[in-house]
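# Coordinate inspection notes
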Amino acid sequence: MTQTQTQTQTMAPRDPDFADRIAASFVRQAAMRTLGIELRSVAPGLVVLAFDAAAGLGQQHGFVHGGVLATALDSACGYAALSLSDAGAEVLTVEFKVNFLAPAAASRFVCEGRVLKSGRTLTVCEGQARDSADVLVATMNATMILRHPNG
């Protein structure tokens, strides 16, 4: 087991209804519907999204566009951060960096967002996008800011 897996498993959610809150928020994301991205699983500090490659998601060489992968990874990381936040908190992306490691040439992609460090204001996450052959096609490092109700 890697250090990241161990650390994520020991993270406890501050909101017992985090999974329902994430599911409800995800349904409201029009961008996810437009891109065909679905919520696969939610756990404390870990969110998995998936989508099928579609003709409308491609770039000029026939691969899924890197911006689509970045969008899915950003949402997976954001929801992973939200899973460890206080009830009512909102999450916004402060910054992210993406590394594209292989062409996104498969028919299906799974994007995981995982919290590395959850703080009261900032949360640092990592994301991985894998194709249907389990090839790692992109990674993300992201920082999320938590906006708390009542200040």
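These numbers were taken from a predicted model, which means no experiment stands behind them. (Residues numbered from 1 in each chain as written. Predicted model: local features only at pLDDT ≥ 70, side-chain atom pairs only at ≥ 80, totals over all residues. Heavy atoms only, no water.)

Moving on to helix H2 (residues 18–27). If you check which residues of H2 are buried, you get Phe-18, Arg-21, Ile-22, Ser-25 and Phe-26. Down the axis, H2 shows its buried residues gathered within 130° of arc, on one side only. When the buried face of H2 is taken as reference, the exposed residues oriented beyond 90 degrees from it are Asp-20 and Val-27. (Buried < 20%, exposed > 50% of the residue type's maximum accessible area, 1.4 Å probe, protein only. Helix = DSSP H or I, 4+ residues; strand = E, 2+ residues; numbered from the N terminus. Arc of directions from axis to C-beta.)

What follows deals with the pattern of salt bridges. Summed over all chains, the structure comprises seven salt bridges. The salt bridge involving Arg-120 is made with Asp-86; its shortest N-O contact spans 3.3 Å. Here Arg-120, found in the loop between strand E4 (108–118) and strand E5 (122–131), pairs with Asp-86, found in the loop between helix H4 (66–82) and strand E3 (90–100); they are 34 residues apart in sequence, far enough to count as distant. Overall, Arg-120 belongs to the exposed group, its relative accessible area being 52%. (Salt bridge = Lys/Arg side-chain N within 4 Å of Asp/Glu carboxyl O.)

We now examine the nonpolar core. Counting residues in hydrophobic clusters, the biggest one holds 37 residues, and the most contacted among them are Ile-37, Phe-51, Val-64, Leu-69, Phe-109 and Ala-129. Those elements giving two or more residues to this core turn out to be H2, helix H3 (30–35), strand E2 (46–52), H4, E4, E5 and strand E6 (136–147). For this core, the element with the most residues is H4, which contributes eleven residues. Once residues lying within four places of it in the same chain are set aside, the contact partners of Phe-51 are Leu-35, Gly-36, Ile-37, Leu-57, Val-64, Val-68, Leu-69, Ala-72, Ser-107, Arg-108, Phe-109 and Cys-111. (Core = buried A, V, L, I, M, F, W, Y, C linked by side-chain atoms within 4.5 Å. Contact = heavy atoms within 4.5 Å.)

With that out of the way, let us pick up the sheet that holds E6. Read across the sheet, six strands follow the order E1-E2-E4-E5-E6-E3 without closing on themselves; strand pairing throughout is antiparallel. If you trace the sheet from one side to the other, it starts and ends with strand E1 (38–43) and E3, each paired once. Strand-to-strand twist in this sheet, taken as the mean axis angle between neighbours without regard to direction, amounts to 20°. Note: E3 against E6, ten bridges, orientation antiparallel. Pairing of Leu-92 across the sheet is with Ile-145, part of E6. Most of the contacts of H2 go to E1, to which it runs at about 160°, and overall it touches E1 and E2. Across the sheet, H4 touches E2, E3, E4, E5 and E6, and the angle it forms with E6 is around 45°. (Pairing = 2+ DSSP bridges. Axes fitted to C-alpha atoms, helices over the stretch in contact; angles between N-to-C directions.)

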